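Observations on chain architecture
Here is how the chains run, residue by residue.
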Amino acid sequence: MVETFFDDIFVVDGQDPGGKKFDKVSRIEASSEQYDMFMQLDVNIEAYPIQAGEKFRMVLAPTLHLDGADVTDYFTQGEQKSLADKFDYVMYGIIYKVSNEGSGPDVKGVIYASFGGLLMILKGDPSNLNKLEVNKRLFLLMKKV
């Protein structure tokens with residue numbers, strides 16, 4: 001079984017803060033139900049249309065292999081069962097920055113990741129982000145609920 005870095009249900013609160021920049025990409029702002037996280041995520045809306053008010057499950061995982069084995073080579077979808085089979089939208093990327101905002105009991109952990117130029121900021125309780133570190137490669141998987 002695949003051990004994940006993060007798994008929660010999000011609600012899209014808004015779309016394209018500051019205006020739309022690209023035709024096929026929207027930046028969504030979403031808040032999670034279980035861990036009270038905030039996320040900004042660039043999504044290819046031509047491939048995966050999503051709008052304010054919709055709910056989706058978002059998982060961050062180190063691999064798509066169901067046995068938890070590392071992805072050591074090019075991953076060809078369809079040749080074997082994978083974690084991706086359970087989701088509608090999958091991106092592969094890397095964490096490029098980890099920081100904290102605030103201090104004391106109000107401190108928030110912040111993770112910055114890039115998925116081929118589509119960016120994600122995930123912010124919240126640092127204990128929910130402790131498996132994520134700079135240069136860690138990961139898969140982001142999404143499915144509407």
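All of these numbers come straight from a predicted model, not from anything done at the bench. Here the residue index of a chain counts from 1 through its sequence in written order. pLDDT decides what is reported in this predicted model: residues at 70 or higher carry local features, side-chain atom pairs at 80 or more are listed and counted, and totals for whole chains, interfaces and linings draw on all residues regardless. Note: side-chain values were computed over all heavy atoms of the structure, leaving out hydrogens and water.

**Here's the deal with unusual backbone geometry**
In this model, D36 sits at a positive phi of 55°, which is unusual for a non-glycine residue. Note on conventions: DSSP H or I runs of at least 4 residues are helices, E runs of at least 2 residues are strands, and numbering of each starts at the N terminus. Note on placement: D36 falls in the loop between β2 (25-32) and β3 (38-44). Positioned with a positive phi, N135 is a non-glycine residue whose angle comes to about 70°. With respect to the helices and strands, the residue N135 is situated in the loop between β7 (118-124) and β8 (137-144).

**Focus on the sheet that holds β7**
Two strands qualify as a pair provided DSSP detects at least 2 bridges between them. Strand order in the closed barrel formed by eight strands is β1-β2-β3-β7-β6-β5-β8-β4, with antiparallel pairing between adjacent strands. Looking at each pair of strands side by side, their axes are set apart by 35° on average, direction ignored. Note that β3 and β7 share four bridges and pair antiparallel. Each residue of the ladder has a partner; that of Q40, found in β7, is I121. For helices, the fitted line uses only the C-alpha atoms of the stretch in contact; every axis is such a line through C-alpha atoms, and the angle between N-to-C directions lies from 0 to 180 degrees.

**A word on the side chain of D8**
With respect to the helices, strands and loops of the structure, D8 is situated in strand β1 (residues 6-15). Comment: no salt bridge for buried D8; closest opposite-charge side chain is R57, at 8.5 Å. For the purposes of these results, a polar contact is taken to be a pair of N or O atoms within 3.5 Å, where, inside protein, one atom must be able to donate a hydrogen and its partner to accept one; residues adjacent in sequence count only when each atom of the pair is a side-chain atom. For D8, the side chain forms a polar contact with the main-chain nitrogen of Q34, separated by 3.2 Å. For D8, the side chain forms a polar contact with the main-chain nitrogen of Y35, separated by 3.0 Å. Each residue's exposure class comes from its accessible area (1.4 Å probe, protein chains only) as a fraction of the maximum for that residue type: buried when under 20%, exposed when over 50%, partly exposed otherwise. Counting rule applied: Lys, Arg positive; Asp, Glu negative; His and chain ends not counted. Put simply, a salt bridge is a Lys or Arg side-chain nitrogen that is within 4 Å of an Asp or Glu carboxyl oxygen.

**Things to note about the layout of surface pockets**
Within this model, the largest pocket holds a volume of roughly 180 Å³. Here a cavity denotes grid points, spaced 1 Å and computed from the protein atoms alone, that fit a 1.4 Å probe unable to get out, and a pocket denotes an open set having protein on both sides within 12 Å along at least 5 of 7 lines; residues with an atom within 4 Å of a point are the lining. D16, P17, G19, K21, F22, V25, S26, R27, D42, G117 and L118 are the residues that line the largest pocket. Residue composition of the lining of the largest pocket, grouped by class: four nonpolar, three polar and four charged. Grid points are joined across faces, edges and corners, and a volume is the space filled by probe spheres set on the points. For this scheme, ten residues count as nonpolar: Ala, Val, Leu, Ile, Met, Phe, Trp, Tyr, Cys and Pro. Four count as charged, namely Asp, Glu, Lys and Arg, and the remainder, Gly too, count as polar.

**Some remarks on the pattern of salt bridges**
Across all of its chains, the model carries nine salt bridges by this definition. Where D88 meets K143, a salt bridge forms, and the shortest distance between an N and an O atom there is 3.7 Å. On the criterion of sequence distance, the pair formed by D88 in the loop between β4 (55-61) and β5 (89-101) and K143 in strand β8 is long-range, its members being 55 residues apart. Measuring nitrogen to oxygen at the nearest pair gives 3.3 Å for the salt bridge that ties E101 to K123. Of this pair, E101 sits in strand β5 while K123 sits in strand β7, and the two are 22 residues apart along the sequence.

**Looking at the confidence of the model for the protein chain**
On average, residues of the protein chain score 92 in pLDDT, and 94% of them reach the 70 mark or higher. Within a predicted model, pLDDT stands for the predictor's per-residue confidence, ranging from 0 to 100. When pLDDT is averaged over each helix and strand of the protein chain, the minimum, 96, is found for β5 and the maximum, 98, for β4.

**Brief notes about the packing of aromatic side chains**
Aromatic ring pairs are defined here through the distance separating the ring centres and the angle between the ring planes. When two rings of Phe, Tyr or Trp (its six-membered ring) have centres within 6.5 Å they constitute a pair, described as stacked for plane angles under 30 degrees, edge-to-face for angles over 60, and tilted for the intermediate range. Counted under the stated rule, the structure contains six aromatic pairs. Between F6 and Y35, the aromatic rings sit 5.7 Å apart at their centres with planes inclined by 50°, giving tilted as the arrangement. Of this pair, F6 sits in strand β1 while Y35 is found in the loop between β2 and β3, placing the two residues 29 residues apart along the sequence. On the accessibility criterion, F6 (3% relative accessible area) is buried. With a centroid separation of 4.7 Å and 45° between ring planes, the pair formed by Y92 and F139 is classed as tilted. Taken together, the residues Y92 in strand β5 and F139 in strand β8 connect sequence positions 47 residues apart. Of the residues examined, F139 reaches a relative accessible area of 6% and is grouped as buried.

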